[in-house]
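Examining the three-dimensional arrangement
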Amino acid sequence: ETSNQVGQYVYQYLKKVSESQLPKDQGIKKAYSLALRLAKPFNRGLQYSQSKKFQIFDDEMRIGASLNLDIIGNKKSIWPRFAKTNVELHALGYHIDLLEAGARLEGLQPIIESLYGKKSQDKKNVFDYLQRKSKERSREYNTLDAQHLKLMNKINQKLPIETRRPEEPQGHSYIKWYGNEVRFDQLKKEHIRHMMEQGK
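Heads up: these notes are all about the structure in this document.

Along the chain, Lys29 falls in helix 2 (residues 26–38). Using a relative accessible area of 21% as the deciding quantity, one classes Lys29 as partly exposed. A C-alpha to C-alpha distance of 6.3 Å links Lys29 and Val17, two positions 12 residues apart in sequence. When near neighbours in sequence (up to four residues on either side) are disregarded, Lys29 contacts Val17, Ser18 and Ser20.

In this structure the tally under the stated criterion is three aromatic pairs. On the basis of an interplanar angle of 20° and a centroid distance of 6.3 Å, the ring pair of Tyr9 and Tyr13 is categorised as stacked. In this pair, Tyr9 and Tyr13 both sit in helix 1 (residues 4–18), four residues apart, roughly one turn of the helix. With relative accessibility at 32%, the residue Tyr13 sits in the partly exposed group. By the ring-pair criterion, three or more aromatic residues cluster together here, those being Tyr9, Tyr13 and Tyr32.

Conventions and cut-offs
Residues numbered from 1 in each chain as written. Predicted model: local features only at pLDDT ≥ 70, side-chain atom pairs only at ≥ 80, totals over all residues. Heavy atoms only, no water. Helix = DSSP H or I, 4+ residues; strand = E, 2+ residues; numbered from the N terminus. Buried < 20%, exposed > 50% of the residue type's maximum accessible area, 1.4 Å probe, protein only. Contact = heavy atoms within 4.5 Å. Phe/Tyr/Trp six-rings, centres within 6.5 Å; stacked < 30°, edge-to-face > 60°.

The following block contains the structure:
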């Protein structure tokens, strides 16, 4: 798998199921364990897609519970594209999907930068450094002779370069209770901005 986002999620999902203690996963654990041995290990960090399971199970009483967490990263932003969590219960031979909640959000980067990026002129980070370096390079280019600049412009016109525009903020959230969807909300730009402003 060439994508680090996909590779890490698939590897962690295989690992999660192969280590599951819940009876519902016992029939497929062996197959997942075998696939895990053949899979390329991925451990790229928290900024990439994640699939985790936190579980507890009592073998004598045959009672247990698990909390699953799945996060789909976004290569265009440090903020994930999708996240969900669900609680599973196992008791008396029954498996129950008790509660699941998830949210899909895209295009958050411009809003976050507009709300938090310019709070203080004294705060400096790597983005300030890159911006300063970009300005320095621009001044250097201005010192080049006109013929060189003309040549560079011709090269740029021939290259298939398009200006990257930020994604329009949008998304949705949902809640499931016993496997049935009990709430679904469509999130628009104005809703997302309002929620983030309330959390400042």
